[in-house]
Amino acid sequence: MAAPGENLRINADRLWDTIMEMAKIGPGVAGGNNRQTLTDADGEGRHLFKRWCDEAGLELGVDKMGTMFARREGTDPEALPVYVGSHLDTQPTGGKYDGVLGVLSGLEVVRSLDDLGIRTKHPIVVTNWTNEEGARFAPAMVASGVFAGALTLDYAYSRKDPEGKTFGEELKRIGWQGDEEVGARKMHAYFEYHIEQGPILEAENKQIGVVTHCQGLWWLEFTLRGKEAHTGSTPMNMRVNAGLAMARIFEMVQKVALANQPGAVGGVGQVKFAPNSRNVLPGTVVFTVDIRSPDQAKLDGMRKTIETEAAKIAEELGVGCSVEAVGHFDPVTFDPTLVGRIRSAAEKLGYSHMNIISGAGHDACWAAKVAPATMVMCPCVDGLSHNEAENISKEWAEAGANVLFHAVVETAGIVE
Ligand code: HGY
Ligand code: MN
Ligand code: MN
């Protein structure tokens, strides 16, 4: 006779169907998704998730950042809940699995508990964090950041998208501004299941990533001020060329990241030229440098070097230069007890596994500030993510969801 919980398995077909159903909302142009936060598509995705939660008999709460909390009662209503979540918003050219796998695997855990008629001591709360991506509104992980007390609600509401719309206005417009105080909820533990978004697990032929840490991040928004002038009739020695300063700064960031190997990355994903006309030298260039490392000293050292060197580059070219940190969290160490439960679940289920440091940031990074938290990862094809070609196998999805199932139930406590 198997011990209680020994044979816990999710329904992989149902999980996969749920992911494919969500993927129909906010489709991309190349097989992925464009379901950016607080757009109508995000609102539609939220309604679909709510319908599924209603069907599962979960009690839905929404906080003032729009984060959705779907609660399955435990036998001890006083016991703090075990939270399991991720995010449903995507990059503009995102994949079908980034974030979605974690939210819908949390739902699948609840559905499977119901199928098996299992009660847990602690309630279980499936969570969809608002604006994990930080694509439309910086910073990333903003809702979990407010939840953890690292950011204020007013700061978050004031954030603007490229069209000048604010987070607060858009949250109200799609009808998902809840009334719960952000961070009022207390967690017994937090789990997040996510695709790796990098090449390690696939290269090492491992089914499960036991996530021990997450690297820290700085998003440094530079504003360079040049002089708008004719690209044809302005002599080279008369130019105040903010575009050239930008190019030299990009090259410098690359060099600084390579000089901090192993375990450092640096690059730029977004640039705005103004007036952005082919034959006008830019008056203003705005871009965000994204640097990361699991090593605190390297992370902060890179920031200092990049800011100092960028100022020198700009001065040499007579270009104005200002910088604002628009995103940050320190390297995170996840809870060793919960990490151990992920590892022992993988072992019990016979899945190959390895320790891994998360390269991408996740809501778990902020949850870890206010509760014991950890993650579990599955591989992704060619390590590709933040690309519509992002892909995983159903088997990979299933293995990670089974590990999540066992770790969540062990933490929530099965009641005979
Ligand atoms: O930027 C990140 O690491 C996450 O994908 N938002
Ligand atoms: Mn994600
Ligand atoms: Mn992402």
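Shown above is the structure to which this text applies.
From a predicted model like this one, the values you see are computed outputs, not experimental measurements. (Residues numbered from 1 in each chain as written. Chains lettered and ligands numbered in written order. Predicted model: local features only at pLDDT ≥ 70, side-chain atom pairs only at ≥ 80, totals over all residues. Heavy atoms only, no water.)

## A look at the site of ligand 1
Here's step 1: Neighbouring ligand 1 are Glu132, Glu133, Ala140, Arg292, Ala360, Gly361 and His386.
Here's step 2: At 2.6 Å from an oxygen atom of ligand 1 is found a side-chain nitrogen or oxygen belonging to Arg292.
Here's step 3: In isolation ligand 1 offers 210 Å² of accessible surface; the protein chains occlude 95% of this area.
Here's step 4: Of the residues in the shell around ligand 1, the class split is 2 nonpolar, 2 polar and 3 charged. (Near = heavy atom within 4 Å. Polar contact = N/O pair within 3.5 Å; in protein donor to acceptor, adjacent residues only side chain to side chain. Areas by Shrake-Rupley, 256 points an atom, 1.4 Å probe, with all protein chains shown as cover. Nonpolar A, V, L, I, M, F, W, Y, C, P; charged D, E, K, R; others polar.)

## Re the coordination of the manganese ion (ligand 2)
Here's step 1: Bound to the manganese ion (ligand 2) on the protein side are His87 (NE2), Asp98 (OD) and His194 (NE2), at distances that span 2.1 to 2.3 Å.
Here's step 2: Along the chain, the residues that donate to the manganese ion (ligand 2) are spaced as H-x10-D-x95-H.
Here's step 3: Metal-to-metal, the separation of the manganese ion (ligand 2) and the manganese ion (ligand 3) is 3.5 Å; Asp98 coordinates the two. One end of the pair, Asp98, is in the loop between strand E3 (82-86) and helix H3 (100-116); the other, His194, is in strand E6 (residues 189-195), and 96 residues separate them in sequence.
Here's step 4: For Asp98, a relative accessible area of 5% translates into the label buried.
Here's step 5: The exposure class assigned to His194 is buried, which follows from its relative accessible area of 1%. (Donors = N, O, S within 2.8 Å, 3.2 Å for Na, K, Ca; no water. Helix = DSSP H or I, 4+ residues; strand = E, 2+ residues; numbered from the N terminus. Buried < 20%, exposed > 50% of the residue type's maximum accessible area, 1.4 Å probe, protein only.)

## Overview of the sheet that holds strand E13 (residues 320-329)
Here's step 1: Read across the open sheet, the 4 strands follow the order E10-E12-E8-E13; overall the sheet is antiparallel. Both edges of this open sheet fall to strand E10 (265-274) and E13, since each of them pairs with a single strand only. Pairs of neighbouring strands in the sheet enclose a mean axial angle of 15°, with direction left out of account.
Here's step 2: Across the sheet, helix H9 (residues 296-316) touches strand E8 (216-225), E10, strand E12 (284-293) and E13, and the angle it forms with E8 is around 10°. (Pairing = 2+ DSSP bridges. Axes fitted to C-alpha atoms, helices over the stretch in contact; angles between N-to-C directions. Contact = heavy atoms within 4.5 Å.)

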